[in-house]
Amino acid sequence: MSYIDNVLSGVIARNPAQPEFIQAVDEVLNSLRPVIDANSKYQDLNLIERIVEPERQIIFRVPWVDDNGKVQVNRGYRVQFNSAIGPYKGGLRFHPSVNLGIIKFLGFEQIFKNSLTGLPIGGGKGGSDFDPKGKSDREVMAFCQSFMTELCKYIGADVDVPAGDIGVGGREIGFLYGQYKRITGLYEGVLTGKGLTYGGSLARTEATGFGLIYIVEEMLKNAGNSLEGKTVTISGSGNVALYACKKAQEKGAKVVTLSDSNGWIYDKNGIDFEAAREIKEVKRGRIKEYLEYHKDAEYHEGKGVWTVPCDVALPCATQNELNEEDAKTLVKNGCIAVGEGANMPSTKEAIDVFLESKILFAPAKAANAGGVATSALEMSQNSQRLSWTFEEVDAKLNGIMVNIYKEMADAAKEYGMENNFVAGANIAGFRKVADAMLAQGIV
Ligand code: NDP
């Protein structure tokens with residue numbers, strides 16, 4: 001059995017009931033085979049076995065009182081996966097589906113994504129099975145305060161800097177930050193995605209969606225194409241989906257779909273960004289309400305975004321939302337490029353379909369790295385006690401995304417897998433972390 005197969009079977013045996021984590025490890029390790037074969041030191045010092053084991057995993061009770069005076073209990077997580085190249089960095093997800101395996105898959109991916117940004121940030125992720133949907137602001141605050149009362153023991157501006165993810169936006173970050181400051185007495189950049197009045201960065205809200213479009217545009221440009229005049233389908237209607245929609249439209253594309261966990265909308269005239277933003281960010285409503293703004297748009301219950309013919313598809317909701325059949329439908333309908341806004345939105349089988357059909361495919365750890373990159377820029381501004389203009393941050397984000405494209409394209413080419421950006425992103429992200437780990441000894 002090869003070294004990689006050996007490590008993989010160990011991961012499967014040691015992490016039962018964590019299918020998403022095993023899926024993420026399997027994808028990364030399979031891409032790394034040529035790198036491991038070419039560098040015996042990684043194997044000699046058992047680096048792969050070390051990199052798949054989190055440095056630390058914290059699981060804690062989060063009790064809080066709901067509006068009926070009833071005590072509720074959720075489970076909190078923070079997985080500090082790898083600090084070889086910087087303090088742990090990665091979002092917090094509040095969603096009922098959250099469990100240790102999901103947080104570990106996200107934390108593992110985050111190591112390589114953060115490395116790809118070229119910035120000094122390690123990998124981590126956290127969250128809770130708490131569902132903010134349908135809760136009052138007071139209930140969300142009570143939960144966030146209880147969550148931070150425990151989490152604050154393990155984080156800090158130079159230790160671990162969480163951010164938002166599904167279910168954690170500006171409101172939640174505000175409540176979390178207030179409680180951190182109250183307990184520790186420290187006014188420091190311990191969270192990113194903060195409000196602009198207390199240390200947040202301009203363009204952080206837009207960053208993941210904008211970054212996704214910057215890298216897709218770069219990928220198309222290198223293939224002699226562009227987003228101008230293209231039809232784009234997007235799933236999700238949260239932070240990533242909305243700002244991908246906005247930037248795609250600014251680049252001259254027509255975005256025709258958005259979705260949430262109940263259903264999806266199709267607007268043949270192009271999505272009205274302001275209407276969608278108001279529904280999701282202001283009213284915290286459902287995407288179905290879009291019909292109140294545009295009566296001629298369509299709403300369908302359930303899943304279906306990938307049946308709509310498009311040139312470019314951008315899955316921006318959640319993991320494993322695009323399967324083999326969806327991928328085949330997209331290819332059959334003439335899709336030329338896919339950019340993953342969400343983390344691991346395509347199943348392994350779907351990725352195989354994209355790679356075999358040779359359409360352009362930008363994997364999540366490269367394509368959605370704009371969020372964490374801009375979070376790192378927020379950390380820099382906090383350390384300097386300065387704030388940069390929107391244009392400054394946006395220009396840096398654009399530069400980072402173009403560079404990530406180059407890194408993944410060059411790494412793929414170096415190993416004879418031209419245009420296989422899955423392998424390219426994994427290899428480019430891995431090398432820097434692996435070399436830092438080697439330099440730091442057996443830790
Ligand atoms: P939001 O909470 O703002 O939005 C999530 C969207 O996805 C909502 O439309 C939500 O619908 C939908 N969704 C969530 N879970 C499911 C599900 N199980 N089935 C169907 N739809 C679902 O989250 P973000 O936009 O921040 O995150 C979206 C994705 O992007 C995630 O994979 C996240 O990890 C990734 N990401 C986010 C970054 C960021 O900066 N925010 C950075 C990098 C990656 P509903 O409202 O019905 O739940």
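Quick note: structure is the one above.
Just so it is clear, the model here is predicted, and its values are computed rather than measured.

## Topic: the overall build of the chain
Moving on, step 1. Within the chain, the regular secondary structure consists of 16 helices and 12 strands.
Moving on, step 2. The C-alpha radius of gyration computed for the chain amounts to 21 Å, which stays within 12% of the reference 22 Å derived for 443 residues, consistent with globular compactness.
Moving on, step 3. Expressed as a percentage of the 443 residues in the chain, the buried residues total 56%.
Moving on, step 4. Within the chain, counting contacts between residues at least 6 apart in sequence, those at least 24 apart form 71% of the total.
Moving on, step 5. For the chain, the accessible area works out to roughly 17,500 Å², and carbon and sulfur atoms hold 50% of it.
Moving on, step 6. In the chain, the 49 positive side-chain charges and the 56 negative ones have mean positions that sit 3 Å from each other.

## Overview of the site of the ligand
Moving on, step 1. With respect to spatial proximity, 25 residues lie near the ligand, and among them Asp165, Thr208, Ser261, Arg286 and Asn343 are the closest.
Moving on, step 2. In this structure, Arg93 approaches the ligand through a side-chain N or O atom, which is 2.9 Å from an oxygen atom.
Moving on, step 3. One of the side-chain N or O atoms of Arg204 is found 3.1 Å from an oxygen atom in the ligand.
Moving on, step 4. In isolation the ligand offers 890 Å² of accessible surface; the protein chains occlude 83% of this area.

## Here's the deal with unusual backbone geometry
Moving on, step 1. If you check the backbone angles, Ala17 has positive phi at about 65 degrees while not being a glycine.
Moving on, step 2. Considering the arrangement of structural elements, one finds Ala17 in the loop between helix H1 (3-14) and helix H2 (19-38).
Moving on, step 3. Residue Asn46 is not a glycine yet carries a positive backbone phi of 50 degrees.
Moving on, step 4. Relative to the assigned elements, Asn46 resides in the loop between helix H3 (40-44) and helix H4 (47-51).
Moving on, step 5. Given a relative accessible area of 30%, Asn46 falls into the partly exposed group.

## Quick look at the packing of helix H15 (residues 390-414) against helix H16 (residues 421-439)
Moving on, step 1. As a packed pair, H15 and H16 sit with axes 7 Å apart at the nearest point and diverge in direction by 100 degrees. Comparing the axis directions of H15 and H16 gives the class roughly perpendicular. Contacts between H15 and H16 involve Tyr405, Glu407, Met408, Ala409, Ala411, Ala412 and Glu414 on the former and, on the latter, Phe421, Gly424, Ala425, Ile427, Ala428 and Arg431.
Moving on, step 2. A breakdown of the residues in the contact of H15 with H16 according to their chemical character gives 9 nonpolar, 1 polar and 3 charged.

## Regarding H16
Moving on, step 1. Over its 19 residues, H16 runs 27 Å from end to end, which matches the ideal 27 Å to within 8%, given 1.5 Å per residue.
Moving on, step 2. The largest bend along H16 measures about 25 degrees and falls at Arg431.
Moving on, step 3. Extensive coverage of H16 is indicated by the burial of 15 of its 19 residues.
Moving on, step 4. Where H16 begins, the side chain of Asn420 points an oxygen toward the backbone nitrogen of Val422, at a separation of 3.2 Å.
Moving on, step 5. Two residues or fewer past H16, Gly441 is found with a positive phi of approximately 80 degrees.

## Here's the deal with the pattern of salt bridges
Moving on, step 1. In the structure shown here, the tally under the stated rule is 23 salt bridges.
Moving on, step 2. Between Arg14 and Glu53 there is a salt bridge, with the nearest N and O atoms lying 3.7 Å from each other. Of this pair, Arg14 sits in helix H1 while Glu53 sits in the loop between H4 and strand S1 (56-65), placing them 39 residues apart in sequence.
Moving on, step 3. Take Arg14: its relative accessible area is 58%, and that puts it in the exposed class.
Moving on, step 4. For Glu53, a relative accessible area of 33% corresponds to the partly exposed category.
Moving on, step 5. Asp410 is paired through a salt bridge with Lys406; the nearest N and O atoms lie 2.8 Å apart. You can see Asp410 and its partner Lys406 sitting in helix H15, 4 residues apart, about one turn around the helix.
Moving on, step 6. Under the relative-accessibility criterion, Asp410 is labelled partly exposed at 37%.
Moving on, step 7. Note on Lys406: relative accessible area 47%, which makes it partly exposed.

Rules used in this analysis
Residues numbered from 1 in each chain as written. Predicted model: local features only at pLDDT ≥ 70, side-chain atom pairs only at ≥ 80, totals over all residues. Heavy atoms only, no water. Helix = DSSP H or I, 4+ residues; strand = E, 2+ residues; numbered from the N terminus. Rg over C-alpha atoms; globule rule 2.2 N^0.38 Å. Buried < 20%, exposed > 50% of the residue type's maximum accessible area, 1.4 Å probe, protein only. Contact = heavy atoms within 4.5 Å. Areas by Shrake-Rupley, 256 points an atom, 1.4 Å probe, with all protein chains shown as cover. Lys, Arg positive; Asp, Glu negative; His and termini not counted. Charge placed at Lys NZ, Arg CZ, Asp CG, Glu CD. Near = heavy atom within 4 Å. Polar contact = N/O pair within 3.5 Å; in protein donor to acceptor, adjacent residues only side chain to side chain. Axes fitted to C-alpha atoms, helices over the stretch in contact; angles between N-to-C directions. Parallel < 35°, antiparallel > 145°, perpendicular 65-115°, else oblique. Nonpolar A, V, L, I, M, F, W, Y, C, P; charged D, E, K, R; others polar. Expected span 1.5 Å × (residues − 1). Bend = angle between axes of the 7 residues up to and from the residue. Salt bridge = Lys/Arg side-chain N within 4 Å of Asp/Glu carboxyl O.

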